[in-house]
Amino acid sequence: MISEPISSTQMAHQAAAAIFPCQDLVSIRDLGAAEINGIFSLATRLKSHPADFRTALAGKHVAMFFEKPSLRTRLTFEAGVAGLGGSISFVDQTSGRLDARETLSDIAHNLERWVSGIVLRTFAHSTVQGMASYARVPVINALSDLEHPCQALADYFTLQQRFGNLKKICLAYVGDGNNVAHSLLLTAATIGSKIRIATPQGYGPDVQIVADAKEIARHTGATIELLTDPREAVAGADAIYTDAWTSMGHEHEEAERARIFPPYQVNDALVAGAAPHAVFMHCLPAHRGEEITNEVMDSPRSVVFDQAESRLHVQKAILISLLGGENTRMPVRNAHA
Ligand code: CP
Ligand code: NVA
């Protein structure tokens, strides 16, 4: 008997199902090295052969709720779902918290009846955790106060495209120990890479995230260095990364931070201490003249728009992994009947 040739779309679905046992992406801690490598190899194929995946999410609908503004994350999820043959609804939640009108569990038990996946950008990380625990469809963290996993995965995918072996590179993060720093730290730990984080005293990464990253690093061989001197952090580094001094939700601290953070500005003098081939990274939006100068942002070593492009490929890989094919949590059992 001659069997039907397997299509590239079917192959893509099978590959995704094989690499992604988790049900949600709330934190990088949800992933192991095999899952991250799987996302990166799927993203590589999505980047080179997007047409192979045109129907990967056919018939699937995604709901997005954002409590904070967004350019990149919103549009890459919208373009990503459309490019995979699915559809998406965006709910602007910036005028009030997601659970202000009814409980999170009630919202979850509505959404799981209508949609195949939920994408959340929130203040409290517990909102994303809560939605993931209540909803019987996959939940993706599109940024919370604690983490920005889609960003960090796109960033390390960008570095892999540039340098190849991620275990051999050193990323120096300079600035605020925020959500982006947390997800970069956990990603570096999981894939066995080297990361240095330089922050002002009192603005370092969350202690639990650091403890978890160190525990993961014990098994993967990753190297983690937490510093306060930006020059020490960038010395010989392959990549220099910075982010806003004041993240969304901390606007009331802006004046204080503007006084403390200037020694952490990524400028030509600081970049001179990195490896000659070092790239400059920023999740964007950038605050030119604050954490980053125009010279560095616009220099040939800047890969900030490659990072922005990677958001699309990596999020498509995440969406296929969580929502594609038969890979759905709905409805295993009807606990609310
Ligand atoms: N980097 C990032 O998440 O950008 P947005 O806030 O514009 O989504
Ligand atoms: N740390 C920033 C990232 C923005 C994409 C913030 O949370 O505002």
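Residues take numbers from 1 onward in each chain, read along the sequence in its written order. All chains are assigned letters beginning at A, and all ligands numbers beginning at 1, according to the order in which they are written. Under the rules for a predicted model, residues below a pLDDT of 70 receive no local features and side-chain atom pairs below 80 are neither given nor counted, while totals for whole chains, interfaces and linings still include all residues. In computing side-chain properties, one takes all heavy atoms of the structure into account and sets aside hydrogens as well as water.

1. Quick look at the side chain of Asp243
Working step 1: Its place among the elements puts Asp243 in the loop between β8 (239-242) and α10 (254-260).
Working step 2: Look at Asp243: it is buried, it has no salt bridge, and the nearest opposite charge is Arg72 at 8.9 Å.
Working step 3: The definition of a polar contact used here is a pair of N or O atoms within 3.5 Å, where within protein one atom must be able to donate a hydrogen and the other to accept one, and adjacent residues in sequence count solely through side-chain atom pairs. Polar contacts involving the side chain of Asp243 include one to the side chain of Asn178, which spans 2.8 Å.
Working step 4: Those residues within four positions of Asp243 in sequence are excluded, and the remaining contacts are Tyr173, Val174, Asn178, Asn179, Val180, His282, Cys283 and Glu291. In this text, helices come from DSSP runs of H or I with a minimum length of four residues, and strands from runs of E with a minimum of two, each type numbered from the N-terminal end. Relative accessibility decides the category of a residue: with a 1.4 Å probe and only protein chains considered, values under 20% of the type maximum give buried, values over 50% give exposed, and everything between is partly exposed. Counted as positive: Lys and Arg. Counted as negative: Asp and Glu. His and the chain ends are not counted at all. Only one rule defines a salt bridge in this text: a Lys or Arg side-chain nitrogen within 4 Å of an Asp or Glu carboxyl oxygen. Contact between two residues is taken to exist if any of their heavy atoms lie within 4.5 Å; hydrogens are not considered.

2. A short note on the packing of aromatic side chains
Working step 1: Working definition: rings of Phe, Tyr and Trp (its six-membered ring) pair if their centres are within 6.5 Å, and the pair is stacked with planes under 30 degrees apart, edge-to-face with planes over 60 apart, and tilted otherwise. Going through the model one piece at a time under the given rule, you end up with six aromatic pairs.
Working step 2: Between the aromatic rings of Phe40 and Phe157, the centroid separation amounts to 5.9 Å while the plane-to-plane angle is 55°, which identifies the pairing as tilted. Placement of the pair is Phe40 in helix α2 (residues 33-48) and Phe157 in helix α6 (residues 149-163), with a sequence separation of 117 residues.
Working step 3: The class of Phe157 is buried, set by a relative accessible area of 0%.
Working step 4: Each residue in the set Tyr203, Trp245, Phe261 and Tyr264 is aromatic and connected to the rest through ring pairs, giving one cluster.
Working step 5: Whether a charge sits over a ring depends on NZ of Lys or CZ of Arg being within 6 Å of the ring centre and within 35 degrees of the ring normal. Positioned above the aromatic ring of Phe90 is the side chain of Arg74, whose terminal nitrogen or guanidinium carbon lies 3.6 Å from the ring centre.
Working step 6: Its guanidinium or amino end placed over the ring of Phe123, Arg97 lies 3.9 Å from that ring's centre, counting from NZ or CZ.

3. Regarding the sheet that holds strand β7 (residues 223-227)
Working step 1: On the basis of which strands lie adjacent, the open sheet formed by five strands has the order β7-β6-β5-β8-β9 and parallel pairing. Looking along the sheet, the strands with just one partner apiece sit at the ends: β7 and β9 (279-282). Adjacent strand axes in the sheet meet at a mean angle of 20°, parallel and antiparallel pairs treated alike.
Working step 2: Strands are labelled as partners when DSSP assigns at least two bridges between them. Bridge count for strand β5 (residues 170-174) against strand β6 (residues 194-198) is five bridges, and the pairing is parallel. Bridging across to β6, Tyr173 finds its partner in Ile197.
Working step 3: Taken strand by strand, helix α7 (residues 179-191) contacts β5, β6, β7 and β8, and its axis lies near 155° from that of β6. Helix axes are fitted to C-alpha atoms over the stretch in contact, other axes to C-alpha atoms as well, and angles between N-to-C directions run from 0 to 180 degrees.

4. Side note on the packing of α6 against helix α13 (residues 304-323)
Working step 1: Across the interface, α6 lies against α13 with an axial gap of 8 Å and an inter-helix angle of 115°. On the basis of the axis angle, α6 is roughly perpendicular to α13. As for the relative orientation of α6 and α13, their crossing is right-handed in sense. Residue-level inspection shows Cys150, Gln151, Leu153, Ala154, Asp155, Phe157 and Thr158 of α6 in contact with α13, the latter providing Asp306, Gln307, Ser310, Arg311, His313, Val314, Gln315 and Ile318.
Working step 2: Note on residue categories: nonpolar means Ala, Val, Leu, Ile, Met, Phe, Trp, Tyr, Cys or Pro, charged means Asp, Glu, Lys or Arg, and polar means any other residue, Gly included. Of the residues belonging to the contact of α6 with α13, the class tally is six nonpolar, six polar and three charged. When describing relative orientation, an angle under 35 degrees is termed roughly parallel and one over 145 degrees roughly antiparallel, while 65 to 115 degrees is termed roughly perpendicular and anything else oblique. We call a crossing left-handed when the near helix sits turned anticlockwise from the far one by less than a right angle, and right-handed when that turn is clockwise.

5. Notes on the site of ligand 2
Working step 1: What makes a residue near a molecule or strand is one non-hydrogen atom of that residue sitting within 4 Å of it. Taken together, the neighbourhood of ligand 2 is formed by Leu143, Asn178, Asn179, Val180, Asp243, Ser247, Met248 and Leu284.
Working step 2: One nitrogen or oxygen atom from the side chain of Asn178 is found 3.3 Å from a nitrogen atom belonging to ligand 2.
Working step 3: One of the backbone nitrogen or oxygen atoms of Met248 is found 2.8 Å away from an oxygen atom of ligand 2.
Working step 4: The method behind every accessible area is Shrake-Rupley, applied with a 1.4 Å probe, and residues are considered shielded solely by the protein chains displayed. Out of a free accessible area of 270 Å², ligand 2 has 93% covered by protein chains.
Working step 5: Per-class residue counts for the shell around ligand 2 are four nonpolar, three polar and one charged.

6. Considering the nonpolar core
Here is a general trend for soluble globular proteins: nonpolar side chains tend to be buried in one another's company.
Working step 1: What is meant by a nonpolar core is a set of buried Ala, Val, Leu, Ile, Met, Phe, Trp, Tyr and Cys residues, joined one to another through side-chain atoms within 4.5 Å. In this structure, Leu153, Tyr156, Leu159, Leu171, Ile195 and Ile318 are the most contacted members of the largest nonpolar core, which totals 61 residues.
Working step 2: The element that contributes the greatest number of residues to this core is α7, accounting for eight residues.
Working step 3: Grouped together as the second largest cluster of nonpolar side chains are 21 residues, Val266, Leu284, Val296 and Met297 included.

7. Section: the pattern of salt bridges
Where charged atoms of side chains with opposite charge meet at close range, the side chains can pair.
Working step 1: Going through the model one piece at a time under the given rule, you end up with 13 salt bridges.
Working step 2: Close ionic contact of Arg231 with Asp229 constitutes a salt bridge, the shortest N to O distance being 3.7 Å.
Working step 3: Taking relative accessible area as the criterion, Arg231 reaches 54% and is therefore assigned exposed.
Working step 4: The partner of Asp298 in a salt bridge is Arg288, with the nearest N and O atoms 2.9 Å apart. With a gap of ten residues between them, Asp298 in the loop between α12 (294-297) and α13 and Arg288 in the loop between β9 and α12 connect regions that are remote in the sequence.

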